[in-house]
Amino acid sequence: SPHLSGADVAARLEREVHTSQPDQQVGIELEWLTRLVDRGRRPTLEETEAVVAAIGPLPRGGRVTIEPGGQLELSTSPQPDSHRACEAAATDLYVLDATCTDQGLELLALGADPARDPERVVTAPRYRAMQAHFDRRGRSGVTMMCNTASIQLNVGLGADHRGVLARWQLANRLGPVLLEYWGATEGGVGG
């Protein structure tokens, strides 16, 4: 239908993409830009690693990783549905945020860093390779790697192989609709 509301899309996703199959799971990845409160700068890899080490096990089994520019990413453990994934993210985020505050690290909930130049702090081989690839094409790639943070919803396709292709195709067709709808309602792009 050319006139879908956000509620229509959400209902269709629940009904057709995320079914209640016991083997189908949902996960959420939340990213934040980071800044040392007392120094007002991007933390080094060592400073960020110290904060991550202080977090310890998260109550709902999530995992915290460090992104190329020192961003922190909270990945929930796989959950049976989107409501439990949101609850797991909120519970684990409470611990992450409290630990970061105690350690003097500020989580910045911004999609893109408006002030700092891109700087890669993680030296893993895959990020070196990505930056080398991106650098041949300009600065936008390294900016994306080091100065952006996002929210990602991961929806399993389930083990019922008969419907996997249809669910995958539907999810891909609905992506632009979701961008259009939420971009327009949040004053962002796509309106």
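Our subject is the structure that appears above.
What comes next concerns the included structure. Quick caveat: nothing in here was measured; it's all calculated off a predicted structure.

Moving on: the overall build of the protein. Of the regular secondary structure elements, the protein holds six helices and five strands. N-terminal to C-terminal, the α/β element order of the protein is α-β-α-β-β-α-β-α-α-β-α. Across the 191 residues in the protein, those meeting the buried criterion constitute 36%. Across the protein, the fraction of contacts at a sequence separation of at least 24, relative to all contacts at a separation of at least 6, is 73%.

Let's shift gears to the pairing of strand E3 (residues 72-75). A two-sided burial pattern is seen for E3, the buried positions comprising Leu-72 and Leu-74 on one face and Glu-73 and Ser-75 on the other. Pairing of strand E1 (residues 26-36) with E3, which is carried by four bridges, proceeds in the antiparallel orientation. Paired with Trp-32 across the bridge in E3 is Leu-72. Counting the residues between successive antiparallel strands, the hairpin from strand E2 (residues 63-66) to E3 contains five residues, one of them, Gly-70, with a positive phi of roughly 90°.

This paragraph deals with the nonpolar core. Across soluble globular proteins, nonpolar side chains have a tendency to be buried as a group. If you look at the biggest cluster of nonpolar residues, it comprises 25 residues, and the most contacted ones within it are Val-64, Leu-72, Leu-74, Leu-96 and Cys-100. For this core, the elements supplying multiple residues, two or more each, are E1, helix H2 (45-55), E2, E3, helix H3 (82-103), strand E4 (105-108) and helix H5 (140-147). With five residues, E1 is the single largest residue contributor to this core. Apart from residues no more than four positions distant in its own chain, Leu-96 is found in contact with Trp-32, Ile-55, Leu-58, Val-64, Leu-72, Leu-74 and Leu-107.

What counts as what
Residues numbered from 1 in each chain as written. Predicted model: local features only at pLDDT ≥ 70, side-chain atom pairs only at ≥ 80, totals over all residues. Heavy atoms only, no water. Helix = DSSP H or I, 4+ residues; strand = E, 2+ residues; numbered from the N terminus. Buried < 20%, exposed > 50% of the residue type's maximum accessible area, 1.4 Å probe, protein only. Contact = heavy atoms within 4.5 Å. Pairing = 2+ DSSP bridges. Core = buried A, V, L, I, M, F, W, Y, C linked by side-chain atoms within 4.5 Å.

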